[in-house]
Each structure stands twice: as structure tokens, then as C-alpha cells.
Amino acid sequence: MGEDAVDAVEKHIEDVFERPTPFTKRAVGVRRASKARPVATVYIKRIQAQYLGIQATGGQRRPRRRFLLDPVGARLNKAGNIPRKALDRMLAKPDHFLATIKGVRGVWRRYKSGRIKLMIALDETQTYRKRFYFERTVEAVVARKLRRNFGREMSKAIAQARRRNIRKLVGS
């Protein structure tokens, strides 16, 4: 049943996030149940939990460094993110500059006509609404599949126990 829950959460990630990276799609892990520990655990892996947590709870996110980058006019990669060194490459160009204009701090581009355009806004915080429902998704799978899966696994365990008992009786 843990694998069923993992599949459901992976599908939920693809439904909720626009173009999730393969790394984000692989965020879900499972610790399988065993006879000694008859509980399966479905979890979000540590690194992915750092950024998926705010999506699951909502609230404000503060940067680990100085600012959060908010692409406005910048080119994005196929996952919809700013490429790694894009900020450094932009600021190395003579027509790009860092400034606060009309209360907006960011990387701006000055065109030959004199017009300026915001390329990347630098935010001190970003507000997220709750949109990743990890617990609800896992609970729904458990509610839907528990009875059937439990019955199947119990039948297997009983059959295996019978085979062991027959072997004991024949062997003695």
C-alpha cells in the first residue's frame, strides 16, 4: 500500500506544480512494512521537504541568503526556474544593472531607446498559499485500499503459515 501512496503523491505533485523537475517528482519515499514492523511509512525526502514544506503549510518564506529571485522578464529553463548563473551573466552585461526603481529592487535592463524593463525582482519574502496536500493524498489512498490490500496480505500470511506448519509436521 505504501507504493500506492507514493504513486498517488507523485501524481499529485505533477497536478499541483507546473513543470516539476525530475528531482521534485522523486521527492516521495517509502519504508515498507515487514512482519517485524507491520507499518509502512510514506515520507518526503529531506532536501525536497525544505521547499515542499512551505507549499504544504502555506505562509511566508524568507531567503537563506539575501534575496529570493522572482523572474519577471528573464528567460527560464524548461522547469520554469532561473538558470544557475543567469543573474551573474545578466549583471556582466553593460545594459543590465541592479537598482531600486519605484520601490522595486531588482535587475533591470536598459534598452537603446532608453526604456527600462524589470528582469528579476529581488524579494525579501514570498507568501505561499497551501496547495500541496501530502497527508490528505496519502490518507485517501489508505482509506480506499486498506481493506482490499489487508485482506490479500492476510491470506498470503495464513497460507505461508500453513505451509510452515505442514513442513514442521512432515519433518518431525
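That block above? That's the structure.
Throughout this description, residue numbers start from 1 for each chain and increase along the sequence as written. Residues qualify for local features only when their pLDDT is at least 70, as the model is predicted, and side-chain atom pairs are given and counted only at 80 or more; totals for whole chains, interfaces and linings, by contrast, use all residues. To get the side-chain values, take all heavy atoms of the structure and skip hydrogens and water.

J.: Go over the overall build of the protein chain, please, and point to the residues and values.
T.: By definition, any uninterrupted DSSP run of H or I lasting at least four residues is a helix, any uninterrupted run of E lasting at least two residues is a strand, and each is numbered from the N terminus. Counting its secondary structure elements, the protein chain contains five helices and eight strands. The helix and strand sequence of the protein chain, counted from the amino end, reads α-α-β-β-α-β-β-α-β-β-β-β-α. The C-alpha radius of gyration computed for the protein chain amounts to 26 Å, which surpasses the reference 16 Å derived for 172 residues by more than 25%, pointing to a less compact arrangement than a globule. Expressed along its principal axes, the backbone C-alpha trace of the protein chain runs to roughly 95 × 30 × 25 Å. Taken across its 172 residues, the protein chain has 26% of its residues classed as buried. Contacts in the protein chain between residues far apart in sequence, at least 24 positions, make up 53% of those at least 6 positions apart. Working definition of accessibility: Shrake-Rupley area with a 1.4 Å probe, residue cover restricted to the visible protein chains. Accessible area of the protein chain: about 13000 Å², with a carbon and sulfur share of 52%. Asp and Glu count as negative and Lys and Arg as positive, but His and the ends of the chain are not part of the count. All charge positions are set by atom: Lys at NZ, Arg at CZ, Asp at CG, Glu at CD. Computed over 43 positive and 15 negative side-chain charges, the inter-centroid distance for the protein chain is 4 Å. It is over C-alpha atoms that the radius of gyration is taken, and the globule rule equals 2.2 Å times the number of residues to the power 0.38. Note on exposure labels: buried denotes an accessible area under 20% of the residue type's maximum, exposed denotes more than 50%, and partly exposed covers the range between, all computed with a 1.4 Å probe on protein chains only. By definition in these notes, contact holds between two residues if any of their heavy atoms fall within 4.5 Å.

J.: Mind laying out the environment of Arg109, listing which residues take part and the relevant values?
T.: Topologically, Arg109 is positioned in strand β6 (residues 104-110). The exposure class of Arg109 is partly exposed, given its relative accessible area of 27%. Measuring from C-alpha to C-alpha, the distance between Arg109 and Gly59 comes to 31 Å, with 50 residues separating the pair along the chain. With sequence-adjacent residues up to four places away left out, Arg109 is seen in contact with Asp95, His96, Phe97, Arg115, Ile116, Lys117 and Met119. Any pair of nitrogen or oxygen atoms within 3.5 Å is treated as a polar contact; in protein, a donor-acceptor pairing is required on top of that, and neighbouring residues in sequence qualify only through side-chain atoms on both sides. Looking at Arg109, its side chain comes within polar contact range of the side chain of Asp95, at 3.2 Å.

J.: Run through the environment of Val142, naming residues and quoting values.
T.: Here Val142 is to be found in helix α5 (residues 134-171). Along the primary structure Val142 and Ile54 are separated by 88 residues, whereas in three dimensions their C-alpha atoms are 24 Å apart.

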